[in-house]
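# Analysis of the macromolecular model
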Amino acid sequence: SQTIHQWPATLVQPVGSPLSLECTVEGTSNPNLYWYRQAAGRGLQLLFYSVGIGQISSEVPQNLSASRPQDRQFILSSKKLLLSDSGFYLCAWAVGGSDYKLFFGSGTQLSVL
Amino acid sequence: LAKTTQPISMDSYEGQEVNITCSHNNIATNDYITWYQQFPSQGPRFIIQGYKTKVTNEVASLFIPADRKSSTLSLPRVSLSDTAVYYCLVGDIGSSNTGKLIFGQGTTLQVKP
């Protein structure tokens, strides 16, 4: 069966520090991969998505970046965190055609202080 | 991409049936309609998916009219544990699509005793 691993579960970082969040998927091949962010009490904001290795589409022009070095690995990074980067970060994957299903990881709660 | 519009919040009482409607006026031919449930500090989880008419599973029903410009999630006999945010997602990650999946603002359902 397919599983998605996302870590760490919680993270407290000072302003200006770097960030690396990793997500891996098991049990499937060539999935679409997604990074979403959720501010407190808000909806899901799409940050990046990838339809294949090395293919990254950005939805939010800011100090975050994403990479997909392997088929089932998706990494979210920042060189210098801002206070506004605080939030709940969710990785997700999907396969299939029109009748896709999107599956989410357990999320990372990031607090930038 | 089809934009979705849902009520921001709804209240209900235990044992009642709850219907949440989502508007998606510019839904594309290949788009499926999927509903997700999210509890605090967790990733959304799949509830139900449909293309047209009615779909039913063990937890919900999904009603889609012939023009597909809206859909209604029906939760029978809700309990306190159904208090959550419900998202309607309209999209397609098939070969003809970029893979982008954008969520609407979601509906916060509060079930009262």
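Everything below is about the structure printed above this text.
Structure report, in brief. Because the structure is predicted, anything quoted here is derived from the model rather than measured.

### Description of the overall build of chain B
- Scanning chain B from N- to C-terminus turns up zero helices and nine strands.
- Along chain B, helices and strands appear, N-terminal first, in the series β-β-β-β-β-β-β-β-β.
- Scaling as 2.2 N^0.38, a compact globule of 113 residues should have a C-alpha radius of gyration of about 13 Å, and chain B matches this with 14 Å.
- The principal-axis extents of the C-alpha atoms in chain B amount to approximately 45 × 30 × 25 Å.
- Burial statistics for chain B: of 113 residues in total, 49% are counted as buried.
- Expressed as a percentage of contacts within chain B between residues at least 6 apart in sequence, the contacts between residues at least 24 apart total 56%.
- Working note: accessible area of chain B is about 5,500 Å², and carbon and sulfur atoms make up 50% of it.

### Focus on the state of the cysteines
- If you walk through the whole model with that rule in mind, you get two disulfides over all chains.
- Bridging Cys23 of chain A to Cys91 of chain A, the disulfide has an S-S length of 2.0 Å. Note on the Cys23 of chain A and Cys91 of chain A pair: the S-S dihedral is about -75°, so by sign convention the disulfide is left-handed. Separated by 68 residues along the polypeptide, Cys23 of chain A in strand 3 (residues 19-26) and Cys91 of chain A in strand 9 (residues 87-95) bring together distant segments of the chain.
- With relative accessibility at 0%, the residue Cys91 of chain A sits in the buried group.
- Note that Cys22 of chain B is cross-linked by a disulfide to Cys88 of chain B, the S-S spacing being 2.3 Å. Note on the Cys22 of chain B and Cys88 of chain B pair: the S-S dihedral is about -75°, so by sign convention the disulfide is left-handed. Residue Cys22 of chain B is found in strand 2 (residues 18-23), and its partner Cys88 of chain B is found in strand 8 (residues 84-91); the two are separated by 66 residues along the sequence.
- Among the residues examined, Cys22 of chain B registers a relative accessible area of 0% and is labelled buried.

Conventions adopted
- Residues numbered from 1 in each chain as written.
- Chains lettered and ligands numbered in written order.
- Predicted model: local features only at pLDDT ≥ 70, side-chain atom pairs only at ≥ 80, totals over all residues.
- Heavy atoms only, no water.
- Helix = DSSP H or I, 4+ residues; strand = E, 2+ residues; numbered from the N terminus.
- Rg over C-alpha atoms; globule rule 2.2 N^0.38 Å.
- Buried < 20%, exposed > 50% of the residue type's maximum accessible area, 1.4 Å probe, protein only.
- Contact = heavy atoms within 4.5 Å.
- Areas by Shrake-Rupley, 256 points an atom, 1.4 Å probe, with all protein chains shown as cover.
- Disulfide = S-S within 2.5 Å.

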